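# Topology and contacts: notes
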Amino acid sequence: MRLYAVVAAGGFRRHATYRAATAAGVFTNTVFGFIMAYTYVALWDERPQLGGYDQSQALTYVWLGQALLMTCAMMGGGFESELTERIRTGDIAVDLYRPADLQLWWLAGDLGRAAFHLLGRGIVPMVMGALAFDLALPGSPWTWPAFLVSVLLGVVVSFALRFLIALSAFWLMDGAGALQMAMLAGLFFSGMLLPLTLFPGVLGEVARALPWSSLLQVPADVFLGKYTGWGLMRAYAFQAGWAFVLLLAGRLLQSVATRRVVVQGG
């Protein structure tokens, strides 16, 4: 485990070196936060309590989305492009022969990346939003660690999804199309564009049951106090269940890909 802790720390340091990009990202998240916030103000003025949120909660949802956009890699931007390129060039063979688990290696690095983006690109937009709007901040100090646990589970689910998409490059001529489709699905089904509670009928039920809801919708509802007691445990179980299923699927796909590389190499 020490190896993977070092990899996670390296992932944090790697992204921390891009200071100009981080500053630009903070600025972009803040600007888009204001654009979406004023859009939500107009919408909630017309439809108070839309989706089960009052206006203050809806605005909090907006700024949580900006804080978690890169943390949970809803638009990608993590390891997946690099992994896809290594598969395309054949460099993945070197990774598979290393005395380290491929999935855990990339997961550790992605956790380090997520930790940096939560601190480097998440805090400032959230603070700016709190200064400009009346946000529904937690009244209980226990809500903060509960929220962070949900974010951690969301990051793992996000990694597992992107790992599966990246491994598809073993069977595709180019993984770019799959990554683009995953980015669109992440934006739509995570609730980044609109809370999933606003989706009507069957679409809403399906969207809330898909793994992408673990990236934003569930952590945001934990932050807003929608889940307490056993409800919070069920929310965690939902996220952990998807994380387990997707990680297991990734491990099985990794095993198939490894056998393919070994056969071709032999």
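Scroll up a little and you will see the structure.
Residues numbered from 1 in each chain as written. Predicted model: local features only at pLDDT ≥ 70, side-chain atom pairs only at ≥ 80, totals over all residues. Heavy atoms only, no water.

### Things to note about the pattern of salt bridges
As enumerated under the stated definition, the model contains seven salt bridges in all. Measuring nitrogen to oxygen at the nearest pair gives 3.3 Å for the salt bridge that ties Arg14 to Glu82. Here Arg14, found in helix 1 (residues 2–16), pairs with Glu82, found in helix 4 (residues 80–89); they are 68 residues apart in sequence, far enough to count as distant. On the basis of relative accessibility, which here comes to 46%, the residue Arg14 falls in the partly exposed class. With a relative accessible area of 32%, Glu82 lands in the partly exposed category. Between Arg162 and Glu80 there is a salt bridge, and its shortest N-O distance comes to 2.9 Å. Of this pair, Arg162 sits in helix 7 (residues 143–167) while Glu80 sits in helix 4; the two residues are 82 residues apart in sequence, bridging distant segments of the chain. Of the two residues, Arg162 and Glu80, neither departs from the other in class, the shared state being buried. The network of salt bridges with shared partners includes Glu80, Asp110, Arg113 and Arg162. (Salt bridge = Lys/Arg side-chain N within 4 Å of Asp/Glu carboxyl O. Helix = DSSP H or I, 4+ residues; strand = E, 2+ residues; numbered from the N terminus. Buried < 20%, exposed > 50% of the residue type's maximum accessible area, 1.4 Å probe, protein only.)

### Some remarks on the nonpolar core
Tyr40, Leu59, Met74, Phe147 and Leu216 are the most contacted members of the largest nonpolar core, which totals 47 residues. Of all the secondary-structure elements, those providing two or more residues to this core are helix 2 (19–46), helix 3 (55–68), helix 6 (102–132), helix 7, helix 8 (176–189), helix 10 (217–223) and helix 11 (230–265). Per-element tally for this core: the top contributor is helix 7, with ten residues. Filtering out sequence-adjacent residues up to four positions away, Met74 remains in contact with Gly65, Leu68, Leu69, Met183, Gly186, Leu187, Ser190, Met192, Leu215 and Leu216. One finds Phe79, Ile87, Trp106 and Phe159 within the second-largest nonpolar core, a separate group that totals 15 residues. (Core = buried A, V, L, I, M, F, W, Y, C linked by side-chain atoms within 4.5 Å. Contact = heavy atoms within 4.5 Å.)

### Looking at a nonpolar patch on the surface
Nonpolar side chains collect at one region of the surface, where Phe12, Leu119, Ile123, Val124, Val127, Met128 and Leu131 lie side by side and expose about 620 Å² of accessible area between them. With six residues, the top contributor of residues to the nonpolar patch is helix 6. Topologically, Ile123 is positioned in helix 6. With relative accessibility at 43%, the residue Ile123 sits in the partly exposed group. (Patch = residues over 30% accessible without salt bridge, like charges linked within 9 Å, V, L, I, M, F, W, Y side chains within 5 Å. Areas by Shrake-Rupley, 256 points an atom, 1.4 Å probe, with all protein chains shown as cover.)

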